[in-house]
Amino acid sequence: MGLLAGVALGVTALIPAGSAAAGRPVNGDVVGEPSARLTPAQLAGQRIIYSYPGLTPPESLLAHIRNGEAAGVIFFGENIASAAQIAGVVRQLRDAARQSPVHAPLLLMTDQEGGLIRRLPGAPELSEKQIGQSAQPVSGAVRAGTGAGDNLKSVGMNLNLAPVLDVVSVPGNFIDRFQRSYGSDPATVGKLGSAFIGAQQKTGVAATAKHFPGLGATPVGQNTDLEPVTITSSLGDLRARDEAAYPAAISAKVKLIMASWAIYPALDASRPAGLSPTVITSELRGRLGYHGVTITDALEAGALQAFGDNGRRAVLAARAGMDLILCSARDVSQGEAATQGLVGGLRNGDLNATAFQASVRRVTQLRDSLS
């Protein structure tokens, strides 16, 4: 995707923390339309995905949405009692968004991979592993993509955090155990993933390829959700196996790519992929030529325990080239902390203003495409 033409995000948003103007709209900061003027918190909020506990969105989340300080919301099983209930929640969130000075649609998402990983009942009922092992895997992937898109669209959601493009090279690891991979052949994974992507996006629901550059070589018993993980594959193996499924997804115009939280010493020995400019800016955007939206995995993941609090993690992710920050701890204060981290990073120069503006433009274009 290219950048949204005609959008200006002035560096005047970078207001010193003690300034009297810090809470007021900033002249020239517009997203989507000239009438939308953004405060620093609103500007940062265009990159934040919130989550919440239970079945009812709290007033604090609704207030952030009404104030134009949120890009979207992720839903989990604990948020969903029935299709009718979650459809009502989606309407409530959209009603709040209509009061916002930012008129781009909210990104309303969940993990509807298929098989064991589903937040909504129904399609896709088969897992990626089952599809990969079936007699007609391509048609199975198409049915799964269409089913996932239709299912999410029926309750008002517009983004699926699927498909998984991890190429399994360590049988029995947490990707394989939960049947989340199409298989161990990169060409097959790329073909089936792109079939899913194309079919789902035809329904109007954005797809997300994950977890770049790949979690298929994760050692058995390890999980980035719980702890730091290091994948010691050589650069040649990473590119020939793990990353090899992504060109097909990019050719299929996948709207988002999610980065892994594992560390890949062949690319960057010191930081997880989603915090690494080498992985995101150089490898994904540079070598593979991806121009769409990037999104982090869960900001609260155990793999990030050495990288500071939520605000600091958000800054490191943004600096690496991640457009959207996924705050999925089911706690609105997590999104608030990430927002404040980004605001602080802009004020103190820790984040590049031009790159920040480019991320917001990519996100805005994505949101506008789902209207």
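Source: prediction; values computed, not measured.

(A) Quick peek at helix α2 (residues 59-66). Taken together, the buried positions of α2 are occupied by L61, L62, H64 and I65. Around the axis of α2, the buried residues are gathered within 160° of arc, so they sit on the same side. Its buried side turned inward, α2 meets β1 (48-50), β2 (72-74), α3 (83-97) and α12 (332-347).

(B) Focus on the packing of α2 against α3. Two numbers describe how α2 lies on α3: the axes approach to 7 Å, and their chain directions differ by 40°. Relative to α3, α2 is oriented oblique. Between α2 and α3, the contacting residues are L61, L62, I65 and R66 on the first element and Q92, L93, A96 and A97 on the second. Counted by class, the contact of α2 with α3 contains six nonpolar, one polar and one charged residues.

(C) Geometry of the sheet that holds strand β9 (residues 293-295). Reading across the sheet, the three strands line up as β5-β6-β9 and stay open at both edges, with parallel pairing between neighbours. At either margin of the open sheet sits one strand with a lone partner, and together these are β5 (208-212) and β9. Here the strands of the sheet are splayed against their neighbours by 25° on average, with no regard to which way each runs. Relative to strand β6 (residues 256-259), β5 runs parallel, the two being bridged by three bridges. The residue bridging T208 from the neighbouring strand is L256, located in β6. Contacts from helix α10 (residues 277-287) reach β5, β6 and β9 within the one sheet, and its direction differs from that of β9 by about 145°.

(D) How the structure looks around the sheet that holds β1. The strand order across the open sheet built from five strands is β4-β3-β2-β1-β10, with neighbouring strands paired in parallel fashion. Whereas interior strands pair on both sides, the edge strands pair on one side only; in this sheet they are β4 (159-160) and β10 (325-326). By the bridge criterion, two bridges tie β1 to β2 in an arrangement that is parallel. Bridging from a neighbouring strand, I49 pairs with G72 of β2.

(E) The pattern of salt bridges, seen in detail. Tallied over the full model, the rule gives 16 salt bridges. Of the charged contacts in the structure, one is a salt bridge between E113 and R180, with a shortest N-O distance of 2.8 Å. Taken as a pair, E113 in the loop between β3 (107-110) and α4 (128-132) and R180 in the loop between α6 (174-177) and α7 (186-202) lie far apart in primary sequence, 67 residues in all. Looking at R180, the relative accessible area reads 13%, which means it is buried. Across the pair D323 and R285 runs a salt bridge, and its minimum N-O distance is 2.9 Å. One end of the pair, D323, is in the loop between α11 (310-320) and β10; the other, R285, is in helix α10, with 38 residues separating them in the sequence.

Conventions adopted
Residues numbered from 1 in each chain as written. Predicted model: local features only at pLDDT ≥ 70, side-chain atom pairs only at ≥ 80, totals over all residues. Heavy atoms only, no water. Buried < 20%, exposed > 50% of the residue type's maximum accessible area, 1.4 Å probe, protein only. Helix = DSSP H or I, 4+ residues; strand = E, 2+ residues; numbered from the N terminus. Arc of directions from axis to C-beta. Contact = heavy atoms within 4.5 Å. Axes fitted to C-alpha atoms, helices over the stretch in contact; angles between N-to-C directions. Parallel < 35°, antiparallel > 145°, perpendicular 65-115°, else oblique. Nonpolar A, V, L, I, M, F, W, Y, C, P; charged D, E, K, R; others polar. Pairing = 2+ DSSP bridges. Salt bridge = Lys/Arg side-chain N within 4 Å of Asp/Glu carboxyl O.

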